[in-house]
Structures are given as C-alpha cells and as structure tokens.
Amino acid sequence: RWNHFWRRCGKAEKEEIEKKKAFYDRVEEFHARSYALPDYQVGELFFRGVASQQSLKKRYKDLIKIYHPDNVDGDNSLVIEINKEYDHLCQVLA
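Rules and cut-offs
- Residues numbered from 1 in each chain as written.
- Predicted model: local features only at pLDDT ≥ 70, side-chain atom pairs only at ≥ 80, totals over all residues.
- Heavy atoms only, no water.
- Phe/Tyr/Trp six-rings, centres within 6.5 Å; stacked < 30°, edge-to-face > 60°.
- Helix = DSSP H or I, 4+ residues; strand = E, 2+ residues; numbered from the N terminus.
- Salt bridge = Lys/Arg side-chain N within 4 Å of Asp/Glu carboxyl O.
- Buried < 20%, exposed > 50% of the residue type's maximum accessible area, 1.4 Å probe, protein only.

Novice: Got a sec to walk through the packing of aromatic side chains? Specific residues and values, please.
Specialist: This model, assessed by the stated rule, comprises two aromatic pairs. Between Y60 and Y86, the ring centres sit 4.0 Å apart and the planes meet at 20°, which makes this aromatic pair stacked. Note that Y60 is positioned in helix 4 (residues 53-67) and Y86 in helix 5 (residues 76-93), a separation of 26 residues in sequence.

As structure tokens, then:
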C-alpha cells in the first residue's frame, strides 16, 4: 500500500516527505540526548552541594520524608538509591 502511494507521488512530494522524515528523526535524536542522564547516579543528584556530616544528615532526613514508600508519592527504588549514596557519603565525610 505504501509503495503504491510512493510511486504515485511526484518528485516534489517525495522531497517534502523526506524532509519531514529527516526533521522528525532529528527531533527524536534531540529528545534521546536531552533525557539521558550523565554518568553519575540518580542518588548523587539528591546530595549535590552537601559538604559536611551535619548537612548530609539533614538532607537525608528531608529526602526520606518525601520519598519514603509509605508516602503517597513514595518510591522504593528511589529510597534504595538515596540510601546507597548516603552510606557512601557517610564514609567519605567521616
């Protein structure tokens, strides 16, 4: 069916279709690059800017209050990431 349509198209129509396809391919590539996370872990984002043991502990408590699985918007996998990063930073800042 597509081939039948393609054969009936004129040269200008074919060029227009190819331009649109190329445009949407670029848009898709842009979105794929925009939403890809860099090399750092998700947990690192939550503790960015923490430089002391005291600020680390406060940030951790605030995050757990927000993302604990018992909350309405809680997320168990996110809490696991937060705990991993918290444990790592506790060792680094100790």
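Novice: Report on the pattern of salt bridges, specifying residues and quantitative values.
Specialist: What the rule picks out here adds up to two salt bridges. Close ionic contact of E81 with K84 constitutes a salt bridge, the shortest N to O distance being 4.0 Å. Of the two residues, E81 and K84 are both situated in helix 5; the distance of three residues between them amounts to about one turn of the helix. Exposure remark for E81: the relative accessible area of 23% places this residue in the partly exposed category. A relative accessible area of 51% places K84 in the exposed class.

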